[in-house]
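For reference, the chains in residue letters:
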Amino acid sequence: MQTTFTIPTSGPGLYEFTRQVADWVTGDGLLTLLVQHTSASLLIQENADPEVQTDMQNFFHRLVPPTTDPKMAYLTHTYEGPDDMPAHIKAAMLPVNLSIPVQNGQMRLGTWQGIYLFEHRNTPHQRLVVAHLG
């Protein structure tokens, strides 16, 4: 069983889409999610306190700033904008796929866990996440 989720983004940040996935899963199996982009990531992260998402975004922005930052002058892939190559680096550091057990039609996530697309680019995008339940 497969489907594709479209996650609209409006700039850097974590976009939760747990509910869409939960509404789709059925039965038992292993759910695999894959983001089909090289400048976004997938995370399972706390969904109770929004400060967690803010802190995650701020940490990765500080760790890998845009190419306009003098510390990033060594990067050569800059023609798609100052956020592009840093977005590729963040996506290389973070997961682009997730595996989640499903039992009786429910994902076996912890109490405070949610599924997030982590957008690394500044401009709005329509991100595609492929889901496979087997």
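The preceding data block contains the structure.
Residues numbered from 1 in each chain as written. Predicted model: local features only at pLDDT ≥ 70, side-chain atom pairs only at ≥ 80, totals over all residues. Heavy atoms only, no water.

**Topic: the sheet that holds strand β2 (residues 13-16)**
Two modes of strand pairing occur in sheets, parallel and antiparallel, and in both the strands are linked by backbone hydrogen bonds.
And then number 1: Here 3 strands make up an open sheet; going across it, the order is β2-β7-β4 and the pairing antiparallel. Both edges of this open sheet fall to β2 and β4 (40-46), since each of them pairs with a single strand only. Each neighbouring strand pair of the sheet contributes to a mean axis angle of 35°, computed without reference to strand direction.
And then number 2: With 7 bridges connecting them, β4 and strand β7 (residues 113-119) associate as antiparallel partners. (Pairing = 2+ DSSP bridges. Helix = DSSP H or I, 4+ residues; strand = E, 2+ residues; numbered from the N terminus. Axes fitted to C-alpha atoms, helices over the stretch in contact; angles between N-to-C directions.)

**Digging into helix α3 (residues 84-93)**
And then number 1: Residues Asp84, Pro86, Ala87, Lys90 and Ala91 constitute the buried set of α3. When α3 is viewed along its axis, its buried side chains cluster within an angular range of 160° and face the same direction.
And then number 2: On the buried face of α3, the contacting elements are β4 and α2 (50-63). (Buried < 20%, exposed > 50% of the residue type's maximum accessible area, 1.4 Å probe, protein only. Arc of directions from axis to C-beta. Contact = heavy atoms within 4.5 Å.)

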